[in-house]
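Architecture at a glance
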Amino acid sequence: QVSRKDVLDVYIEHRLLLEQRGRDAGDARSPQNQYPPELLRRFELYFRAPSTAKARVVRDVKADCIGKLVTVRGIVTRVTEVKPMMVVATYSCDQCGAETYQPIQSPTFMPLLMCPSRECQTNRSGGRLYLQSRGSKFVKFQELKMQEHTDQVPVGHLPRSISVAVHGENTRLAQPGDHVSITGVFLPLLKTGFRQMAQGLLSETYLEAHCIVKMNKSEEDESGAGELSEEELRQITEEDFYDKLASSIAPEIYGHEDVKKALLLLLVGGVDRNPHGMKIRGNINICLMGDPGVAKSQLLSYIDRLAPRSQYTTGRGSSGVGLTAAVLRDPLTGELALEGGALVLADRGVCCIDEFDKMLEADRTAIHEVMEQQSISIAKAGVLATLNARCAILAAANPAYGRYNPKRSLEHNIQLPAALLSRFDLLWLIQDRPDRDNDLRLAQHITYVHQHSRQPPCSFQQLDMKLMRRYIATCKRKQPVVPEALADYITAAYVEMRKEAWASKDTTYTSARTLLGILRLATALVSPGAGREDVNEAMRLMEMSKDSLLGDKGQQSRVQRPADAIFAAVRELAGGRGRAVPYAEALQRCLAKGFTPAQVQAALQEYEELNVLQVNPARTRITFV
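1. Considering the overall build of the protein
Along the backbone of the protein there are 22 helices and 20 strands. When each of the 625 residues of the protein is scored for burial, the buried share is 42%. Summarising the internal contacts of the protein: among those between residues at least 6 apart in sequence, 69% fall at separations of at least 24.

Structural data, given as structure tokens:
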């Protein structure tokens, strides 16, 4: 059996044979020709921090840590490509053929030029050395940029970052957006020659990584969150576990049961399908639109904390480049490189975008491709690339003019393009309607939370965040399918929905994406295979979201008073010509709408008393105040 040999084995074997042939048995090896230990070492040695050692924040790694083993926690913001780094340079002489080895300890090195062997020194032949890359030893090298968590930044400060040098088998363990704990030696970055003189007494620092562990958003290792035990599964999957899981999402926020169920399905997600190269996304996109003060941003920040991988941005604080990808110059190599934005960092997770309506139109178009194709295509500064952005998007927005106006149509209230709205599987409108009983319960709930800093007692025990995170991770590993028996039922239901949407004009656009949305919600609800009740629940959520958009129009809207209708007609007439309207023209317009002259006179008198408009004594002109 032939033993596996790498290049170095063959190289050293040939070298030994060559030496035995040209050297007497009693001669000692010349010191220049001895193999350095780095060349022969076939293992990597790393240290772990002791279990009692406490992890530090990036801000706390100071001068007293230099040369010591420290553990630092943070989030990875940038990762370079893995490149070979030279550890031992091997040279051969063009005159005598002797080999010389140069171990390299610093980031830069000065190559040897003259052969130091005894033969060349004796003969004064001045042999020159040439680098033999095949006989040199290289290791994998990668540089990370780690930033401290936002909750660790003091008031009024910017988050700090630290450079991490990673060698050997520790490379490719972390991706941008990962929360990691890195154990390593904190070292100064030594420069040589003139740079060292120019640098003076100050020195740049870096962390030489020995151990990289992926973390959850909380303090525990992600590796610790293994399979759920039987007892935990029994605790979760008891009766009404779907309602119980949904109620455990942001329990401090009162109400919004259906919205919380939709958010639970967003965290679990549907199943990706790839029929013959085509891609159908499985992630669920949801838009929460509502009046101010209905806890939209609180729901978003809770989902951001609960999801294992997520990014939180706001509309005005995000540019199109910040969401997708930017072309930056690499400080190490000086070449142009892509740096992923929020949607790329949230790959296989959730991207929460608050104040979605305040985003500029040019920046909002960057999201269209992500929401359906789940990728970002870049063609900038000679860099052509397609980045994965397989994330679910949870957006929160206010209606136009701040609050939802039930007298206006849906298009006037939302003011988002139809191409974008159709990409959201669910569009919830959360209205703040006055209702005595509901307002009383809400006020009691808020005061209790404010007093005790926890949710009021309820009929069942809410699940904690760690358990929910592990259960959602277990659900994501399942790959449910829609059985053939339900295919006809779903298609018939979709056709009926299209018919209803065509009959009623003031609803959202119903397209084939709506059908895919129902399939995604149904597969997110179950583990082995979708049942009829799961499809019904998915359609119920879809219908509830559409009903929320109808607002008060779902019920009978209140009848408008004749005085209000007359005032609206006169104001509409005055819109094009300033503040004054001829009386005769206004009367003619109102009579054409079916009002009597007495009703017109009464309406004008009523609004005149309110000091909204004035009629001149001759009754020829109406002037708006």
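Okay, back to it.
2. Considerations on helix α21 (residues 583-592)
For α21, the set of buried residues is Tyr583, Ala586 and Cys590. Seen end-on, α21 carries its buried residues on one side only, within an arc spanning 65°. Structural note: α21 exposes Ala584, Gln588 and Ala592 on the side pointing more than 90 degrees away from its buried face. Each element contacted by the buried residues of α21 is listed here: α20 (562-574), β18 (580-582), α22 (597-609), β19 (613-615) and β20 (621-624). One or two steps after α21, the chain reaches glycine 594, where phi turns positive at roughly 100°.

3. Some remarks on the pattern of salt bridges
Overall, the coordinates contain 13 salt bridges when judged by the stated rule. In this structure, arginine 513 engages glutamate 372 in a salt bridge whose closest nitrogen and oxygen atoms are separated by 3.3 Å. You can see arginine 513 sitting in helix α18 (residues 512-525) and its partner glutamate 372 sitting in helix α12 (residues 366-373), a full 141 residues away along the chain. Residue classification places arginine 513 among the partly exposed residues on the basis of a relative accessible area of 23%. Classification of glutamate 372 by relative accessible area gives buried; the value is 13%. Its salt-bridge partner being arginine 540, residue glutamate 537 comes within 3.0 Å of it at the nearest N-O pair.

4. So, the sheet that holds β18
Strand order in the open sheet formed by 3 strands is β18-β20-β19, with antiparallel pairing between adjacent strands. Taken across any chain shown, the strands that pair with only one partner, and hence form the sheet edges, are β18 and β19. Taken pair by pair, the neighbouring strands of this sheet meet at an average axis angle of 20°, ignoring direction. Where β19 meets β20, 3 bridges bridge the pair, whose relative direction is antiparallel. Looking at the pairing, valine 615 lines up with isoleucine 622 of β20. The strands that α21 touches are β18, β19 and β20; relative to β18, the one it contacts most, it runs at about 75°. Along the sheet face, α22 touches β19 and β20 and points at about 125° away from the line of β19.

5. Side note on the packing of aromatic side chains
Applying the stated rule across the entire model yields 3 aromatic pairs. Where phenylalanine 567 meets tyrosine 607, the ring centres are 4.2 Å apart and the plane angle is 10°; that geometry is what we call stacked. In this pair, phenylalanine 567 is assigned in helix α20 and tyrosine 607 in helix α22, connecting sequence segments 40 residues apart. Considered together, phenylalanine 567 and tyrosine 607 belong to a single accessibility category, that of buried residues.

6. Digging into the confidence of the model for the protein
When pLDDT is averaged across the protein, the result is 80; 89% of the residues are at 70 or more. In the predicted structure, residues 554-558 sits below a pLDDT of 50 and forms 2 contacts with residues beyond four places in sequence or in another chain.

7. Topic: the nonpolar core
In a soluble, globular protein the nonpolar side chains are often hidden away together inside. Membership of the largest hydrophobic core comes to 51 residues, with the highest contact counts inside it found for Ile249, Ile286 and Leu394. The biggest single contributor to this core is helix α7 (residues 257-268), with 7 residues. Those residues in contact with isoleucine 249 that lie beyond four places of it in its chain are Lys260, Leu263, Leu264, Leu267, Tyr302, Ile303, Leu306 and Met468. The next biggest cluster of nonpolar side chains, apart from the first, holds 33 residues, and it includes Leu343, Ile353, Ile378 and Leu549.

8. Details of the sheet that holds strand β9 (residues 286-290)
Read from one edge to the other, the open sheet built from 5 strands follows the order β10-β13-β16-β9-β17, with strand pairing classed as parallel. Looking at strand neighbours, the two that pair on one side only are β10 (310-314) and β17 (426-430), the edges of this open sheet. On average, adjacent strands in this sheet sit at an angle of 15° to one another, irrespective of strand direction.

9. Comments concerning a nonpolar patch on the surface
A cluster of nonpolar side chains, Phe43, Leu45, Phe47 and Leu69, forms an exposed patch at the surface whose accessible area comes to about 440 Å². On the basis of relative accessibility, which here comes to 37%, the residue leucine 69 falls in the partly exposed class.

10. Topic: the pairing of β9
When you tally the buried positions in β9, you get 5 out of 5 residues, the bulk of the element. Residues Ile286, Leu288 and Gly290 point to one face of β9 and Cys287 and Met289 to the other, with burial holding for every one of them. Here β9 runs beside strand β16 (residues 392-397); their pairing, made up of 4 bridges, is parallel. Bridge pairing in β16 places leucine 288 opposite alanine 396. Sheet topology note: the β9/β17 ladder contains 5 bridges and is parallel. Looking at β17, one finds that cysteine 287 is bridged to leucine 427.

11. Here we look at unusual backbone geometry
Even without being glycine, alanine 295 reaches a positive phi, approximately 65°. Structurally, alanine 295 is set in the loop between β9 and α8 (296-306). Judged by relative accessible area, alanine 295 falls into the partly exposed class, the value being 24%. One non-glycine residue, glutamine 374, lies in the positive phi region at around 60°.

12. Here we look at the environment of serine 375
Position of serine 375 among the secondary structure elements: in strand β14 (residues 375-380). With relative accessibility at 14%, the residue serine 375 sits in the buried group. Residues serine 375 and leucine 387 lie 12 residues apart in sequence; the distance between their C-alpha atoms is 5.6 Å. Discounting chain neighbours no more than four positions away, the residues touching serine 375 are Glu369, Val370, Thr386, Leu387 and Ala389. Among the polar contacts listed, one links the side chain of serine 375 to the side chain of glutamate 369, at a separation of 3.4 Å.

What counts, and at which threshold
Residues numbered from 1 in each chain as written. Predicted model: local features only at pLDDT ≥ 70, side-chain atom pairs only at ≥ 80, totals over all residues. Heavy atoms only, no water. Helix = DSSP H or I, 4+ residues; strand = E, 2+ residues; numbered from the N terminus. Buried < 20%, exposed > 50% of the residue type's maximum accessible area, 1.4 Å probe, protein only. Contact = heavy atoms within 4.5 Å. Arc of directions from axis to C-beta. Salt bridge = Lys/Arg side-chain N within 4 Å of Asp/Glu carboxyl O. Pairing = 2+ DSSP bridges. Axes fitted to C-alpha atoms, helices over the stretch in contact; angles between N-to-C directions. Phe/Tyr/Trp six-rings, centres within 6.5 Å; stacked < 30°, edge-to-face > 60°. pLDDT = per-residue confidence, 0-100. Core = buried A, V, L, I, M, F, W, Y, C linked by side-chain atoms within 4.5 Å. Patch = residues over 30% accessible without salt bridge, like charges linked within 9 Å, V, L, I, M, F, W, Y side chains within 5 Å. Areas by Shrake-Rupley, 256 points an atom, 1.4 Å probe, with all protein chains shown as cover. Polar contact = N/O pair within 3.5 Å; in protein donor to acceptor, adjacent residues only side chain to side chain.

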